[in-house]
Amino acid sequence: MPQHRVAVVQAGSQLFNTPLTLDRMAAHCEDVKREGAELAVFPEAYIGGYPKGLDFGARIGTRTAEGREDYLRYWRSAIEVDGPECRIMGGFAAEMKAHLVVGVIEREGATLYCSALFFGPDGSLLGKHRKLMPTASERLVWAQGDGSTLPVIETPMGRIGSAICWENYMPLLRQTMYAKGVDLWCAPTVDEREIWQSSMRHIAYEGRMFVLSTCQYMTRADAPEDYAAFAGLAPEAELIKGGSVIVNPMGEILAGPLRWGEGVLAATIDTDDVVRARYDLDVAGHYARPDVFSLHLDAAAKPHLHKVPSA
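Notes on the structure in this doc start here. Only a predicted model underlies this, so the values are computations on that prediction, with no experimental measurement involved.

What to know about the sheet that holds strand β5 (residues 125–130)
Link 1 in the chain: Ordered by their spatial adjacency, six strands build an open sheet running β5-β4-β3-β2-β1-β13, and the pairing between neighbours is mixed. One side of each edge strand has no neighbouring strand; the edge strands of this open sheet are β5 and β13 (263–270). The sheet shows a mean angle of 30 degrees between the axes of neighbouring strands, direction not considered.
Link 2 in the chain: Where helix α2 (residues 65–77) meets the sheet, it contacts β3 (99–108) and β4 (111–119), and its direction lies at approximately 20 degrees from that of β4.

What follows is the structure, encoded as structure tokens:
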């Protein structure tokens, strides 16, 4: 059947408190379950947190001891793939009987990545995507992903893929994902600006697919009292204002944008609309002109150590 229920969850992290964030996530997943959604998407850096306003003590040529402590605190909030937090999130997916896409801060050694994890309705971890290009000061604390983590997940609803925040502004990344046949484009973000809405509608219309964009909603109360970046603000002061939205393959808004609070947006979609929309514009098919343009993807992992077999 082409009719499916999908949802985006607009929520904020409890910054530097991953166990409490997971507790809050459990409540949101109960709301998704009540909606009967087969796919739920959580925002960028939801597990691990988005440290808005922190500079980690970095100036050109200098660092501070306080900045190093901030990084340690942030690192401790991050998670490891296949760690206990992943098993908890897999349990949420199994309880909902839904596919689940979650923005996380992934820890590997001392290095952090902004990633999206994909879970199946049986709770299994189906794949991960590491953000290729952190933006501006994000590069202080997040490493770059490589071409080995650009998965497209086959589901009964269609193919699911993800681009995180400003990756959505990378034309070659978009074309790569279009060529992989994405039908449901998940866009976890913290971009609250009005122009983001235009971007999501454009990408849906360009790729002729459903776009599920989910943004954090974060207030001063979601950060610890000693959070220096927003000292003195009232607990209800908004740090990230949301704007989650669901868009159809013709660029029309099906739900949202949601502002001024946390919540679940849900919509019933007809996945045959992808084919209907690509009838006259398929940028990875009849509209691609591969005789004129070509795109090369290096999908190899880039490990730091290459072991040469001994003779």
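Comments concerning the pairing of β5
Link 1 in the chain: Looking at chain direction, β4 and β5 are connected through five bridges and run antiparallel. Bridging from a neighbouring strand, L117 pairs with K128 of β5.

Considerations on the nonpolar core
Link 1 in the chain: One finds L39, W142, I160 and L184 to be the most contacted residues of the largest nonpolar core, which totals 44 residues.
Link 2 in the chain: Among the elements that take part in this core, β4 stands out by supplying four residues, more than any other.
Link 3 in the chain: If we skip the residues at most four places from it in the chain, I160 touches L39, H99, V101, F118, P151, V152, I153, T155, L184 and C186.
Link 4 in the chain: Of all hydrophobic cores here, the second largest spans 25 residues; its members include F42, Y46, I47 and I79.

Describing the packing of aromatic side chains
Link 1 in the chain: Taken as a whole and judged by the stated rule, the model has nine aromatic pairs.
Link 2 in the chain: Judged by centre distance (6.5 Å) and plane angle (80 degrees), the ring pair of F16 and Y74 falls under edge-to-face. Highlighted residues: F16 in the loop between β1 (3–10) and α1 (18–35) and Y74 in helix α2, separated in sequence by 58 residues. Like F16, the residue Y74 is buried in the burial classification.
Link 3 in the chain: Plain terms: the ring middles of F16 and Y227 are 6.2 Å apart, the flat faces sit at 55 degrees to each other, and that makes the pair tilted. In this pair, F16 is assigned in the loop between β1 and α1 and Y227 in the loop between β10 (217–219) and β11 (238–247), connecting sequence segments 211 residues apart. Y227 matches F16 in its accessibility class, with the two residues each being buried.
Link 4 in the chain: Taking the ring centre of W75 as reference, the NZ or CZ of R107 above it sits at 4.6 Å.
Link 5 in the chain: The ring of Y113 has R130 lying over it, and the distance from NZ or CZ to the ring centre is 3.7 Å.

Focus on the pairing of β13
Link 1 in the chain: Burial analysis of β13 places six of its eight residues in the buried class, which makes it a mostly covered element.
Link 2 in the chain: Pairing between β1 and β13: eight bridges, direction antiparallel. Bridge pairing in β13 links Q3 to D270.

A few points about the pattern of salt bridges
Link 1 in the chain: One pass over the structure, following the stated rule, counts 24 salt bridges.
Link 2 in the chain: Of the charged contacts in the structure, one is a salt bridge between E262 and R24, with a shortest N-O distance of 2.7 Å. Of the two residues, E262 is situated in the loop between β12 (253–259) and β13 and R24 in helix α1; the sequence distance between them amounts to 238 residues.
Link 3 in the chain: Its relative accessible area of 33% is what places E262 among the partly exposed residues.
Link 4 in the chain: The partner of R278 in a salt bridge is D183, and the shortest N-O contact between them spans 3.5 Å. Pair noted here: R278 is in helix α6 (residues 272–278) and D183 is in the loop between α4 (171–179) and β8 (184–189), with a separation of 95 residues, a long-range link. Here R278 and D183 have matching classes, each one buried.
Link 5 in the chain: Three or more residues are tied together by salt bridges with common partners; here these are E106, E108, K128 and R130.

About the cut-offs
- Residues numbered from 1 in each chain as written.
- Predicted model: local features only at pLDDT ≥ 70, side-chain atom pairs only at ≥ 80, totals over all residues.
- Heavy atoms only, no water.
- Pairing = 2+ DSSP bridges.
- Helix = DSSP H or I, 4+ residues; strand = E, 2+ residues; numbered from the N terminus.
- Axes fitted to C-alpha atoms, helices over the stretch in contact; angles between N-to-C directions.
- Contact = heavy atoms within 4.5 Å.
- Core = buried A, V, L, I, M, F, W, Y, C linked by side-chain atoms within 4.5 Å.
- Buried < 20%, exposed > 50% of the residue type's maximum accessible area, 1.4 Å probe, protein only.
- Phe/Tyr/Trp six-rings, centres within 6.5 Å; stacked < 30°, edge-to-face > 60°.
- Lys NZ or Arg CZ within 6 Å of the ring centre and 35° of its normal.
- Salt bridge = Lys/Arg side-chain N within 4 Å of Asp/Glu carboxyl O.

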